[in-house]
Amino acid sequence: MTAARKKPTSKQTLANLPFAYRQYDAAALREALRKMYLIRRFEEGAEDSYTRGLIHGTMHLSIGQEASAMGICMPLETADQITSTHRGHGHSIAKGADVKRMFAEFFGKTTGYCKGRGGSMHIADVAGGNLGANGIVGGGIPIAVGAALTAKKMKTGNVVISFFGDGANNEGAFHEALNMASVWKLPVIFVCENNGYGMSTSTERSTAVKNIADRAAAYSMPGVIVDGNNFSQVAEASHEAVERARAGDGPTLIESKTYRYRGHSKSDRNRYRTKEEIEDWMTNRDPIILFESEMKEFGIIDDAGIEAIREDVKREIAEGIEFAKTSPAPDVADVARYVYTEEQA
Amino acid sequence: MTAARKKPTSKQTLANLPFAYRQYDAAALREALRKMYLIRRFEEGAEDSYTRGLIHGTMHLSIGQEASAMGICMPLETADQITSTHRGHGHSIAKGADVKRMFAEFFGKTTGYCKGRGGSMHIADVAGGNLGANGIVGGGIPIAVGAALTAKKMKTGNVVISFFGDGANNEGAFHEALNMASVWKLPVIFVCENNGYGMSTSTERSTAVKNIADRAAAYSMPGVIVDGNNFSQVAEASHEAVERARAGDGPTLIESKTYRYRGHSKSDRNRYRTKEEIEDWMTNRDPIILFESEMKEFGIIDDAGIEAIREDVKREIAEGIEFAKTSPAPDVADVARYVYTEEQA
Amino acid sequence: MDATPRELSYAQAIQEAMAIAMEADERVFLMGEDIGVYGGAFQVTGDLVERFGPDRVMDTPISELGGAGVAVGAAMTGMRPIFEFQFSDFATLAMEQIVNQAAKMRFMLGGEVSVPLVMRFPAGSGTGAAAQHSQSLEAWLGHVPGLKVIQPATPHDAKGMLLAAIADPDPVMIFEHKLLYKMKGPVPEGHYTVPIGKAEVRREGRDVTVVATSIMVHKALEAAELLAGEGIDLEVIDLKTIRPLDRQTIIDSVKKTSRLISVHESVKTLGIGAEISATIAESDAFDFLDAPIVRLGGAETPIPYNPELEKAVVPQVPDIVTAARDLVKGRR
Amino acid sequence: MDATPRELSYAQAIQEAMAIAMEADERVFLMGEDIGVYGGAFQVTGDLVERFGPDRVMDTPISELGGAGVAVGAAMTGMRPIFEFQFSDFATLAMEQIVNQAAKMRFMLGGEVSVPLVMRFPAGSGTGAAAQHSQSLEAWLGHVPGLKVIQPATPHDAKGMLLAAIADPDPVMIFEHKLLYKMKGPVPEGHYTVPIGKAEVRREGRDVTVVATSIMVHKALEAAELLAGEGIDLEVIDLKTIRPLDRQTIIDSVKKTSRLISVHESVKTLGIGAEISATIAESDAFDFLDAPIVRLGGAETPIPYNPELEKAVVPQVPDIVTAARDLVKGRR
Ligand SMILES: Cc1ncc(C[n+]2csc(CCOP(=O)(O)OP(=O)(O)O)c2C)c(N)n1
Ligand SMILES: Cc1ncc(C[n+]2csc(CCOP(=O)(O)OP(=O)(O)O)c2C)c(N)n1
Ligand SMILES: [Mg+2]
Ligand SMILES: [Mg+2]
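Regarding the interface of chain D and chain A
In step 1: Between chain D and chain A, the residue contacts involve 46 residues of the former and 35 residues of the latter.
In step 2: Buried area between chain D and chain A, both sides added, is near 3,300 Å², and the carbon and sulfur share of it is 65%.
In step 3: When the buried area of chain D at its contact with chain A is split by residue, Val-70, Thr-77 and Phe-107 of chain D rank highest and sum to 18% of it.
In step 4: Our count for the chain D to chain A interface comes out at 1 salt bridge.
In step 5: Note that Lys-115 of chain A is salt-bridged to Glu-112 of chain D, the shortest N-O span being 3.0 Å.

Considering the interface of chain D and chain C
In step 1: Listed as interface residues are 53 residues of chain D and, on the opposing side, 53 residues of chain C.
In step 2: The largest contributions to the chain D side of the interface with chain C come from Trp-140, His-143 and Leu-270 of chain D, which together make up 18% of the buried area.
In step 3: Our enumeration of links across chain D and chain C arrives at 8 salt bridges.
In step 4: For Glu-275 of chain C, the salt bridge goes to Arg-295 of chain D, with nearest N and O atoms at 2.8 Å.

Examining the environment of Lys-109 of chain A
Residue and element names in this part refer to chain A.
In step 1: Within the secondary structure layout, Lys-109 lies in the loop between helix H5 (99-106) and helix H6 (140-154).
In step 2: The class of Lys-109 is buried, set by a relative accessible area of 12%.
In step 3: In the structure, Lys-109 is positioned 35 residues away from Met-74 in sequence and 30 Å away in space, judged by C-alpha atoms.
In step 4: There is a polar contact of 2.8 Å between the side chain of Lys-109 and the backbone oxygen of Ser-327.

Re the site of ligand 2
In step 1: The full set close to ligand 2 counts 23 residues, and His-86, Arg-87, Gly-135 and Gly-167 of chain B together with Glu-64 of chain D are the nearest of them.
In step 2: Looking at the residues close to ligand 2, they fall on chains B and D.
In step 3: Contact between ligand 2 and Gly-167 of chain B: an oxygen atom at 2.8 Å from a main-chain N or O atom of the residue.
In step 4: Within the side chain of Asn-195 of chain B, a nitrogen or oxygen atom sits 2.9 Å from an oxygen atom of ligand 2.
In step 5: Summarising the interface, the protein chains cover 97% of the accessible area of ligand 2, which totals 580 Å² for the free molecule.
In step 6: Each residue belonging to the shell around ligand 2 can be placed in one class, and the counts come to 8 nonpolar, 9 polar and 6 charged.

A closer look at the pattern of salt bridges
In step 1: Tallying each qualifying case throughout the model produces 102 salt bridges over all chains.
In step 2: For Arg-271 of chain B, the salt bridge goes to Glu-50 of chain D, with nearest N and O atoms at 3.8 Å. Taken together, the positions of Arg-271 of chain B in the loop between strand E7 (252-257) and helix H10 (275-284) and Glu-50 of chain D in helix H2 (residues 48-52) put the pair across two chains.
In step 3: Arg-271 of chain B gets classed as partly exposed once you look at its relative accessible area, which sits at 39%.
In step 4: For Glu-50 of chain D, a relative accessible area of 59% corresponds to the exposed category.
In step 5: Where Glu-300 of chain C meets Arg-243 of chain D, a salt bridge forms, and the shortest distance between an N and an O atom there is 2.3 Å.

Quick look at the coordination of the magnesium ion (ligand 3)
Residues and elements named next belong to chain A.
In step 1: Taken together, Asp-166 (OD), Asn-195 (OD1) and Tyr-197 (O) make up the protein donors of the magnesium ion (ligand 3), found 2.1 Å from the metal.
In step 2: For the magnesium ion (ligand 3), the single-chain donor residues occur in sequence as D-x28-N-x1-Y.
In step 3: Residue classification places Tyr-197 among the buried residues on the basis of a relative accessible area of 12%.

Calculation rules
Residues numbered from 1 in each chain as written. Chains lettered and ligands numbered in written order. Predicted model: local features only at pLDDT ≥ 70, side-chain atom pairs only at ≥ 80, totals over all residues. Heavy atoms only, no water. Contact = heavy atoms within 4.5 Å. Buried area = accessible area lost by both parts, 1.4 Å probe. Salt bridge = Lys/Arg side-chain N within 4 Å of Asp/Glu carboxyl O. Helix = DSSP H or I, 4+ residues; strand = E, 2+ residues; numbered from the N terminus. Buried < 20%, exposed > 50% of the residue type's maximum accessible area, 1.4 Å probe, protein only. Polar contact = N/O pair within 3.5 Å; in protein donor to acceptor, adjacent residues only side chain to side chain. Near = heavy atom within 4 Å. Areas by Shrake-Rupley, 256 points an atom, 1.4 Å probe, with all protein chains shown as cover. Nonpolar A, V, L, I, M, F, W, Y, C, P; charged D, E, K, R; others polar. Donors = N, O, S within 2.8 Å, 3.2 Å for Na, K, Ca; no water.

So this is what it looks like as structure tokens:
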């Protein structure tokens, strides 16, 4: 994902530009925008397939949170790892997953990342550095710390990102994991995507502190608050935290303030928030619109370029769904596979 | 325990005296000293009985921490409640338990507070407001929050004290409990008795923050640090926290810095700390010696008075051990009792 | 009651039981994640928050261990909390408070306290929610003295057993299969209780005793209808309670039929079926057995996401039919 | 090896296994509370920290859930952690990571990862530590597909099975009875493994098969010696592994003896004895049974503090003797 910084592409001088425009070249920035579109269209496609009965179970859409996933993953190498959450489609794509195999997983096919055994809530891409979404709120946080312990012990130089939500910050696992990561100075970055609600429960009703980043002080680590819908701000915070982690200076807690447009899952009546609130975020703070207009302002992309990206993404999504549809379903006779590494007698 | 404030008993003017001497009359202060002696002699008696094989299992002695237990319980009424820890003998006595029934419990007799079923690690006195020691580090913290929820719902006006150690502050239960207590503004006071070690692990090696009280900010509650070996300082912090809780202003976290003289339990080789460190605390910061000399300085007690207390405590301990020795052991036929409230067919 | 009794869904029956108990007793209150304005992940608490207010229908933070501990502390000190786990799988975070504290507190304190706590566990597979949202863990809690563990199979029993649980002075754990929530059935108005610790013969039969739990009761009854055509007559027992187990009802039935099949959704190894087999094998019904005791239970795998695989790891009606037929035909 | 083989205590045998594995494989490391300078609550890790340093013998904060999760994450990414719970009771805080993550990760991810994790659980009663420090919870984990669960009964097996567990690509849970730690027995030098999933006939006999776990193996052997005098000949099987269960060894033995007793310390209801009874009752050994299957297990109570009560809730040698005698004499 990373790319060398380059000359400013606009009339403005480099120094005045926001971080991302100083740090990444135009190609990298356009690819980031493409990925954000890919995330959104992927989830719209998944939602549509769900409505058509092609996907069963439930799913948690991150539409509206694309800048957070993409900005955090911007400075990562393939060998770096992430742990994700029930709302993990964006993280997965931002880390480099192939939407073909993601759709295939949602469709329960053998070509899916989990061979149809995991589904949306366990979407992973181990080879690509995604250790997996998690069905347990907070479940992935200590696992990320463990992966960071491996990185330190094996001196791989990798960093690990642990994504979780505002609701997860009230789990004991959050507390225990952040404390150990700090005591052992591990190369892990805790990214709390604060979208204002844990399911129906607002942070005001669930969390005794105003900003979740304020809890970083309880673990003697930096706590950074960013506008999670501003790609450059997120990328900058991630960049600094990654440098800090790679330098062996330990963990950082980043609070990325964002918003989910859709209901919590497929069974949400949205009783706990107002239409106005949702409208406001969608119309005035959409991460893709904001990023696009900035890129246009700085002359990194024009309408034609954006249109090209949209078309390309559209094609990729259509191909992904087609691939999923035409892929084989698992053989029921294989149901006992993958329970143990060597199948048991 | 509480008693009306009274005229200064010494030549000094009231205003210059430390809190406890302004707040409590001489009788109450002498009783507090007596209780601190009672705690120490009780534990010495228990230790001796253990060595003689009269008590089995293991025990965790709080010798050196008496001012912390006594100071915290000073402002409590009988109806107020505490939850305690594996190191709970002092809390139990400070809250008003009868050493007879405590010894009887340690001896496994039916006259014990738990009828011989619980032993040292579960010593309780429910009628006296001690909801019990706990064998699980951090296990009592959410239970205290639950008791405080009852107090708020039933409008009893009671407050609840949750005692725990420095090691317990790294348990998820600590995090979850403090967060809920703050969100719901419950009348509970969290008292972390920081004796520098969780078993063999120093706070430096286990805890990412310098002072445990610093973690109070993560729950938007006051965090107070006191010299846990200074009776008046502890009592003052407890008094303020209790007033705050009774007024409905919510929880407080008090960190009481103290030290245990004995090993963690009966199987401790003290490999993790130096003799010098132990010596220093015993000779220069003993809570009983400090309290005694202050009381003498302020003319609240003289040597004869102290001698009288020691004699009285000695007698009470001897009687307690005798009571325990001569009490009946449980009938093995009753082993299935107390599993359910109505015994099952 | 009139000729056609009122029908409610299993979820409505539970909601009605909670409402009746809260009306009758100020000490009863609900705790859980998103049980207020959201109405609960499975709409069991529904609109109760509007009726009883947020102080008695308390949304907790996502803190299962602490939340359970708060419920234990409240129960010890005079309240009667009903704690909902959003999915039974999340109880894995609270086993400390359930097993070390709630179950043992009375015993450890020599009878000085009771813990009148009710915990509700939406359990089971069939919703496509994969391995971490589909487990059946009732056998764990059935192994723990100090707890009572129930698995009502019908709306009628869900209401009656929950009301019995709320009145019980000790901790009662209720496992509710998610696929039952929408099932409708006759439910009497007002307050009534169905006893904890009593199994019920749902269908009398001569040839084979089938002991089933929760949703498997309905599959067993379906299998019985199918086999009736073949002249094979199943006796179906709804176990209802895992702890304390009603061993006598099973023993009496086996003495009559001489054949036994147990069926449950939880993993077969060390599941409740093992306890049922062992109960008969050590009882005086042993001498009445004409055939080995058959167990049907969940496969030895986590619950897969793919719907076909998901069905395959849980006993289905044809599995019961085949097992019973083979047993009667002496094919094993 | 010379005539009188070297003897080690059970704790020393475990320590030696860990040392051999750490010498041989950089990826192996230890995590736990007070396992460093303190040497572990039961002195199992002893002085290993001096030999391997604090990075490979890591004292954790008192954070069982987080600590277990760190071990899972490390195992998924290439390390081979050995995680010690100070007492098995504290695993109640970590069931989430053990059961939802470690056990299911490989399956949920379609085989893309393995979790080569070893967890050690000092278990059992007899130390006067009361209800929260004396539990035997192996049946819980035996109910969880994805885990392997072992209970070595001797120093020889403790070393050999631990080395097998460390070499195993999947999560292996070792339950070690605290009263065994000081027991001495012959232990070969160097590296060897004892297979996971194989039971062993410790004593051949004609009359009754006694399947025992952990410390109960020794009690069963004692009982066998006592009964030999009366001409009652017990066959004693050391189960060794709870999951996967070696059913065949039990079946073969029962076909020979026609009588079966199981004995374990964990609570009888839904304990491993239930699975053993059910295994025979559903097998072709059923037709060989001459008598009901007897289970001896822990009483249906928490573990009491008082030492006499504590003994009373766990099977003792006389209980095994009486059960076997009654079985042979046809008294049940
Ligand atoms: C331990 C646990 N408790 C509860 C749930 C049910 N649940 C799934 S997501 C969710 C809300 C999580 O909120 P947050 O962490 O803010 O993430 P978001 O959904 O907002 O992205 C809840 C309660 C769960 N999956 N795991
Ligand atoms: C959940 C849990 N983990 C570990 C233990 C073992 N243990 C008992 S006391 C103790 C140390 C506790 O330290 P701290 O909280 O500082 O209390 P202190 O002993 O210093 O009074 C440990 C690790 C336990 N009883 N419960
Ligand atoms: Mg959220
Ligand atoms: Mg301490």
